[in-house]
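# Structural features, examined
Residue-level listing of the chains:
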Amino acid sequence: MTLHVGHVGLNVTDLDRSLAFYREVLGFAVLAEGKEDDRRYAFLGDGGDHPVLTLWQQAHGPYGGDRAGLHHLAFAADSIEQVGRYEEALKAHGAEFAYEGVVAHREGAASGGIFFHDPDGTRLEISVPSGAEHAPAPHAEAPTCGFF
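Within any chain, residue numbers begin from 1 and follow the written order of that chain's sequence. Two thresholds apply to this predicted model, a pLDDT of at least 70 for residue-level local features and 80 or more for giving and counting side-chain atom pairs, whereas whole-chain, interface and lining totals are computed over all residues. The side-chain figures draw on all heavy atoms in the structure; neither hydrogens nor water molecules are used.

## Quick notes on the overall build of the chain
Heads up, the rule is: Elements are defined by DSSP. Helices are runs of H or I of four residues or more, strands are runs of E of two residues or more, and each kind is numbered from the N terminus. Throughout, radius of gyration means the C-alpha value; the globule benchmark is 2.2 Å times the number of residues raised to the power 0.38.
Helix and strand content of the chain: 2 helices and 9 strands. Listing every helix and strand of the chain by position from the N terminus yields β-α-β-β-β-β-α-β-β-β-β. At 16 Å, the chain has a C-alpha radius of gyration in line with the 15 Å of a compact globule built from 148 residues. Dimensions of the chain, computed from C-alpha atoms along their principal axes, come out at roughly 50 × 45 × 35 Å.

Next comes the structure, spelled out in structure tokens:
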């Protein structure tokens, strides 16, 4: 028996701000939106009809990397060039990056990508399995996506 990820749910402080980021910058499509009392939510997809990401407006503060729970959310790109296009779009949007430019997952690795934060501070990654052979690795021993 093997499981696979169905979708990832994130708590957000401002659904409109988060929708703008995930839709306009990262290219997700809104599949459905709803409201219960004063709480709103949205289901986002990547071109199919099933949700990949759900946003729940119920957080009262930013993401905290020092608490148990989600460490980071990683998205896979088709090429290192696509990672570069996302990097440019994120810069134009004013996103905060964890590292400057594309970085390798570890010293000497072919895999790598960009690491950044969404509007609520959730750490995100867009990476590829190869193409980052010449990119620097921010940490000598631990994987780049590890400690922060």
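Moving on from the model shown.
## A look at the sheet that holds strand β3 (residues 39–45)
In plain terms, the rule: Strand pairing requires that DSSP identify at least two bridges connecting the strands. The axes used here are C-alpha line fits, helices contributing only the stretch in contact, and every angle between their N-to-C directions lies in the interval 0 to 180 degrees.
Here we have 4 strands laid out as an open sheet, ordered β1-β4-β3-β2, and mixed in their pairing. The open sheet terminates on both sides in strands that have one partner only, identified here as β1 (8–12) and β2 (29–36). This sheet shows a mean twist of 20° between the axes of neighbouring strands, independent of strand direction. In this sheet, strand β4 (residues 53–57) lies alongside β3 in antiparallel orientation, the contact comprising 5 bridges. Looking at the pairing, R40 lines up with Q57 of β4.

## Some points on the environment of A137
For clarity, the threshold we go by: Categorising residues by exposure relies on relative accessible area from a 1.4 Å probe, with only protein chains included: less than 20% of the type maximum marks a residue as buried, more than 50% marks it as exposed, and the intermediate range marks it as partly exposed. Whether two residues are in contact is decided by their heavy atoms: any pair within 4.5 Å suffices.
Within the secondary structure, A137 sits in the segment after β9 (123–128). Classification of A137 by relative accessible area gives buried; the value is 17%. When sequence neighbours within four positions are dropped, the list of residues in contact with A137 reads A104, R106 and E107.

## Re the side chain of S111
The cut-off we apply is this: Polar contact is defined as a pair of N or O atoms within 3.5 Å, subject to the rule that within protein one atom must be able to donate a hydrogen and the other to accept it, and that residues adjacent in sequence are counted only when both atoms are side-chain atoms.
Mapped onto the fold, S111 is located in the loop between β7 (103–104) and β8 (112–117). There is a polar contact of 2.8 Å between the side chain of S111 and the side chain of H105.

## Focus: the packing of aromatic side chains
Short version of the rule: The rule is short: rings of Phe, Tyr and Trp, with Trp giving its six-membered ring, pair when the centres are within 6.5 Å, and they are stacked under 30 degrees, edge-to-face over 60, tilted in between.
Under the defined criterion, the tally for this structure stands at 7 aromatic pairs. Ring geometry for Y41 and F43: centres 5.7 Å apart, planes at 50°, overall tilted. For F43, a relative accessible area of 28% gives the class partly exposed. Through a chain of ring-to-ring contacts, three or more aromatic side chains come together here, namely Y41, F43 and W56.

## A few points about helix α2 (residues 80–93)
Test applied: By this rule, a helix spans an expected 1.5 Å times one less than how many residues it contains.
The terminal C-alpha atoms of α2 lie 20 Å apart, and with 14 residues this matches the ideal 20 Å at 1.5 Å per residue to within 8%. Where α2 is buried, its residues meet α1 (15–25), β6 (96–97), β8 and β9. Directly after α2, the chain includes G94, whose backbone phi takes a positive value near 90°.

## Brief notes about the nonpolar core
To be explicit about the condition: Here, nonpolar core means buried Ala, Val, Leu, Ile, Met, Phe, Trp, Tyr and Cys residues that are tied together by side-chain atoms lying within 4.5 Å of each other.
Core analysis: the largest hydrophobic core is formed by 25 residues, its most contacted members being F21, Y22, L26 and L55. Elements that contribute at least two residues to this core include exactly β1, α1, β3, β4, β5 (73–76), α2, β8 and β9. Broken down by element, the residue count for this core peaks at 5 residues, all from α1. With near-sequence residues (within four places) excluded, F21 lies in contact with L26, L90, H93, A95, F116, H117, D118, P119 and L124.

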